[in-house]
Amino acid sequence: MSFGRRGSSVRRVNRSGGWSTRCDFTARPLSTFSIVKTASSVRVYLDSSALLKRVLDEPERVAFEAALDRFVADGAVLMSSSLAWVEVSRSLRTRLDREGPRRIIELIDVALSGIQECPMTAQVVSIAQRLGPASLRSLDVIHLASASLLGAELVCAYDQRLLTAAEELGFRTASPGLVTTDS
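Every residue gets a number counted from 1 within its own chain, in the order that chain's sequence is written. Given that the model is predicted, a residue must reach a pLDDT of at least 70 before its local features are reported, and side-chain atom pairs must reach 80 or more before they are shown or counted; all residues, however, enter totals for whole chains, interfaces and linings. Excluded from the side-chain calculation are hydrogens and water; included are all heavy atoms of the structure.

**Q** Break down the overall build of the chain for me, with residues and values.
**A** Helix numbering and strand numbering both begin at the N terminus, where a helix is a DSSP run of H or I of at least 4 residues and a strand a DSSP run of E of at least 2. Helix and strand content of the chain: 7 helices and 7 strands. Tracing the chain from N to C terminus, the helices and strands come up as β-β-β-α-α-β-α-α-β-α-α-β-α-β. A fraction of 68% describes how many contacts in the chain between residues 6 or more apart in sequence connect residues 24 or more apart. Accessibility throughout is a Shrake-Rupley quantity obtained with a 1.4 Å probe, and a residue counts as covered only by protein chains that appear here. When the accessible surface of the chain is split by element, carbon and sulfur atoms take 51% of a total near 9,200 Å². Residue contacts are counted whenever heavy atoms from the two residues lie within 4.5 Å of one another.

**Q** Would you mind going over the sheet that holds strand β6 (residues 154-156) in detail, with residue names and values included?
**A** Note: two strands are recorded as paired if DSSP finds a minimum of 2 bridges between them. Taken together, the 5 strands give an open sheet; going across it, the order is β5-β4-β3-β6-β7, and neighbouring strands pair in parallel fashion. What marks the edges here is a single partner per strand, and that holds for β5 (116-118) and β7 (172-174). The average undirected angle you get between the axes of adjacent strands in this sheet is 30°. As judged from the 3 bridges shared by strand β3 (residues 43-46) and strand β4 (residues 77-81), these two strands associate in the parallel manner. Bridge assignment links Arg-43 to a residue of β4, and that residue is Val-77. What counts as an axis is a line fitted to C-alpha atoms, over the stretch in contact for a helix, and the angles between N-to-C directions run from 0 to 180 degrees.

**Q** I'd like a description of the pairing of β3, backed by residues and values.
**A** Note that β3 and β6 share 3 bridges and pair parallel. Within β6, the residue paired with Leu-46 across the bridge is Cys-156.

**Q** Can you lay out the nonpolar core for me, pointing to particular residues and giving the numbers?
**A** Definition used in this section: a nonpolar core is a set of buried Ala, Val, Leu, Ile, Met, Phe, Trp, Tyr and Cys residues joined via side-chain atoms within 4.5 Å. Exposed residues in this analysis have more than 50% of their type's maximum accessible area, buried residues have under 20%, and partly exposed residues fall in between, with area computed by a 1.4 Å probe over protein chains only. Ranked by size, the top nonpolar core spans 31 residues in total, and within it Val-44, Leu-46, Phe-71, Leu-78 and Leu-92 carry the most contacts. Looking at this core, the elements with two or more residues in it are β3, α1 (48-51), α2 (61-73), α3 (82-95), α4 (101-112) and β6. Examining the composition of this core, we find that 6 residues originate from one element, α4, more than from any other. One finds Met-79, Ala-128, Leu-150 and Ala-165 within the second-largest nonpolar core, a separate group that totals 21 residues.

**Q** Could you give me a rundown of helix α6 (residues 138-150), with the residues and numbers involved?
**A** How far a helix is expected to stretch is found by multiplying one less than its residue total by 1.5 Å. Compared with an ideal rise of 1.5 Å per residue, which puts 13 residues at 18 Å, α6 spans 18 Å between its outermost C-alpha atoms and is within 8% of the ideal. Considered for burial, the residues of α6 that qualify are Asp-140, Val-141, Ile-142, His-143, Leu-144, Ala-145, Ser-146, Ala-147 and Leu-150. Positive phi shows up at Gly-151, right after α6, with a value of about 70°.

**Q** Requested: an account of the pairing of β4, with residues and values cited.
**A** Among the 5 residues of β4, 5 are classified as buried, and the element is accordingly described as predominantly covered. Every second residue of β4 is oriented toward a common face, with Val-77, Met-79 and Ser-81 on one face and Leu-78 and Ser-80 on the other, all of them buried. As paired strands, β4 and β5 are joined by 3 bridges and run parallel to one another. Along β5, the bridge assignment pairs Ser-80 with Glu-117.

Now the structure itself:
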């Protein structure tokens, strides 16, 4: 298995200047981003499936990193739940159990660098208890409750069930580099 390069393609977020994002969903794959300047910073929520793209050699990685680079260059705020810190850590430890502990810690740091953390507070739990649809898994609903509480405008993920629920809740969604086939 190949791993991502050392370091991160995401640098410290510049929160001045303000930006808004608009995603073009008229064509597949869902990887085209158009950034338009407005009065406030774009708030992009990244779930664990997206954050793992930063360090694992997967087909969507290049497009995902390019999208993150554009967001950062345009002053977007990148954020995720504390849940992602646990999920990313566990996933990397599970997938890379033959790697040394230092290498795994480095990859965890790369995956999460530059991301604003939203703690799992009582308010997140309260929102999560109320969100639908009923088919939504517990961890996904915590991600969406966090995105809602943070005022995210865009949810970036590669988990189709989470993306579908996010759209039903009114979020714009993206999976940069994901190629889908229409049946």
